[in-house]
Amino acid sequence: MCGIVGLFLKDKSLEAQLGSMLTEMLVTMSDRGPDSAGIAVYRGADDGHRKITIQSPNPDEDFKDLNKALGCEVERIDTHAIISCTAADADKIRNQINENPNLRVMSAGDAIEIYKEVGLPNSVAERFDIPKLQGTHGIGHTRMATESAVTTLGAHPFSTGPDQCLVHNGSLSNHNSLRRQLAHEGVTVETENDTEVAAAYLTWKMQEGANLGEALEAGIQDLDGFYTFVVGTKNGFGVLRDPIACKPAVLAETDQYVAFGSEYRALVNLPDIENARVWEPEPATVYFWEQ
Amino acid sequence: MEKLDLTELELRSVNETLQAEGDGSNKAFEINNPRGSHAIAVGLDAPITVTVKGSTGYYCGGMNKQATINVTGSVGPGVAENMMSGKVVIEGDASQYAGATAHGGLLVIKGNASSRCGISMKGIDIVVHGNIGHMSAFMAQAGTLVVLGDAGDALGDSLYEAQIFVRGAVKSLGADCVEKEIRPEHIETLSRLLKEADADAKPEEFRRYGSARQLYNFDIDNAGAY
């Protein structure tokens, strides 16, 4: 199954509540997937800082004095830490992080932060204090694992490019061949997970110059299997379902927001939902919004 | 009118209340605050009337017998799945596989229905005021599907003996589904169903689709393949 929620705010006055709204939506979807949960939040895109979210299985040891070692600000949140640096230093810091195999990069970019762990949405949200997070848009996922093991790294969202992330309900059947094709293009995929391949595919398409909508459009041809994807970029939010469209999806739009839920249940507490345009996204049809 | 509020009562107790009504009952119930919950008003077996005020999740009105169920909002996947008799009316839209495998009764969807509407239907009548999605009436065996709007791809794929009437455009027909002539008995069926479904359309405006019967009949020339 898996449960997906997403929220793309048009009304700035709601930004302070992004984390709490997303958490509530995701907790409602808990019974669609008990294995792991994750949330991507976009905030502070224009504050001039580059952010790298890292995770460690031994945070006490690995995050101790990391700020001194890297020479920049490190904010620890449970098993994760957000490293803030200048754009000029980002590559250097990323190389330093890669020297410690315990440290895993969850995401990097101007706005994105990803928090994900094994467990139910409410426990994951609590560990990382997600309800307190403000932001412009965000995506949440609760996983019922099929294609790879139940681990932190197998949890969604997957981020394979700056400020990009993808969550998935379904399973891809051509992820191994696509992984090999991407390797030929110099794109590496870190885990055995099928969803990460889809994320890397979209990253590659966008590196080649496509915008989010064009990358998703190309995905209809090249990605085989069952999927409902929700995708985030620095200023964008996209939804794509495969041509068979078995995996459920509901979109709602008002003047204040665009919201996605695997089920309508996830949307019932959103402001003015009674008057929102609520619809089921069409199969093989790209939906995307940009700020 | 007995009111049942799903913010105060467990879904199971609401369904038990409805299921406890016996054969002779004609009671009316109103269910408030459905908030997209699953399996609302399932397994009913009495000629009662249930009005759901709002939108529901999966399988609303599933396995219904005799009851009339009205939903003022939209419904999730599998509305009236395996209905045996009675009537289910949706004011809004229906998600995928509406009326799947249902043996009888009438399902009316006043908005649009998405993919696989009437999949494997076995005797139910379905009237959709709007459009239906792809793969609708897949392997449909008996009953009637009436669509006032358009139909998506692969309508009636691998169809058995269900009848399909569409007023709008059909994006494509599935394997072994063909257009057929409309005879007086079809006009009669359509008139009756359109009236029961409160649908504003004339029977003459529809086209009929049915099985070419090439796929499911054993052909002696193919005996060697077995």
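Residues numbered from 1 in each chain as written. Chains lettered and ligands numbered in written order. Predicted model: local features only at pLDDT ≥ 70, side-chain atom pairs only at ≥ 80, totals over all residues.

K.L.:
Any details on the packing of helix α7 (residues 194-207) of chain A against helix α8 (residues 212-222) of chain A? Residues and values, ideally.
P.N.:
Describing two packed helices takes the angle between their axes plus the distance from one axis to the other. Residues and elements named next belong to chain A. For the pair α7 and α8, the least separation of the axes is 9 Å and the interaxial angle reads 125 degrees. Accordingly, the angle class assigned to the pair α7 and α8 is oblique. Pair α7 / α8 crosses with right-handed handedness. Residues Y201, L202, K205 and M206 of α7 pack against L212, A215, A218, G219 and D222 of α8. For the contact of α7 with α8, the residue count by class is six nonpolar, one polar and two charged. (Axes fitted to C-alpha atoms, helices over the stretch in contact; angles between N-to-C directions. Helix = DSSP H or I, 4+ residues; strand = E, 2+ residues; numbered from the N terminus. Parallel < 35°, antiparallel > 145°, perpendicular 65-115°, else oblique. Left-handed = near helix turned anticlockwise from the far one by under 90°. Contact = placed C-beta atoms within 7 Å. Nonpolar A, V, L, I, M, F, W, Y, C, P; charged D, E, K, R; others polar.)

K.L.:
Which residues make up the sheet that holds strand β10 (residues 225-232) of chain A, and what values go with them?
P.N.:
All names here are of chain A. What the four strands build is an open sheet, ordered β9-β10-β11-β15; its pairing is antiparallel. The open sheet has two free edges, formed respectively by β9 (165-172) and β15 (287-290), since each of these has just one partner strand. With direction set aside, neighbouring strand axes in the sheet form an average angle of 5 degrees. In this sheet, β15 lies alongside strand β11 (residues 236-241) in antiparallel orientation, the contact comprising four bridges. For G236, the partnering residue across the bridge sits in β15 and is E290. Of the strands in this sheet, β9 and β10 touch α7, which is tilted by about 130 degrees from β9. (Pairing = 2+ DSSP bridges.)

K.L.:
Kindly report on the interface of chain A and chain B, identifying the contributing residues and their values.
P.N.:
Contacts between chain A and chain B engage nine residues on the former and twelve residues on the latter. Its residues assigned to classes, the side of chain A that touches chain B comprises six nonpolar, no polar and three charged.

K.L.:
Before we move on, could you go through the packing of helix α6 (residues 175-184) of chain A against α7(A) and cite the residues and values that matter?
P.N.:
Residue and element names in this part refer to chain A. The N-to-C vectors of α6 and α7 enclose an angle of 40 degrees; their axes lie 10 Å apart at closest approach. Here α6 is positioned oblique relative to α7, judged by the angle of their axes. The handedness of the crossing between α6 and α7 is left-handed. Every residue of α7 that contacts α6 at H175, L178, R179 and L182 is listed here: D194, V197, A200, Y201 and W204. Grouping the constituent residues of the contact of α6 with α7 by class yields six nonpolar, one polar and two charged.

K.L.:
Summarise the sheet that holds strand β7 (residues 112-118) of chain A; cite the residues concerned and give the values.
P.N.:
Residue and element names in this part refer to chain A. Taken in spatial order, the seven strands make up an open sheet running β7-β2-β8-β1-β13-β12-β14, and their pairing is antiparallel. Whereas interior strands pair on both sides, the edge strands pair on one side only; in this sheet they are β7 and β14 (277-279). With direction set aside, neighbouring strand axes in the sheet form an average angle of 10 degrees. The sheet contact formed by strand β12 (residues 250-253) and β14 spans three bridges and is antiparallel. Residue pairing for β14: L251 is matched across the bridge by W279.

K.L.:
Residue-level account of the domain arrangement of chain A, with values.
P.N.:
Residue and element names in this part refer to chain A. Per the domain assignment, the segments of chain A are domain 1 (3-46 + 118-290) and domain 2 (47-109). Here the C-alpha centre of domain 2 lies 24 Å away from the C-alpha centre of domain 1. With 13 residues of domain 1 at the contact, the number on the domain 2 side is eleven residues. A per-class count over the side of domain 1 that touches domain 2 returns five nonpolar, three polar and five charged. (Domains from an automatic or database assignment.)

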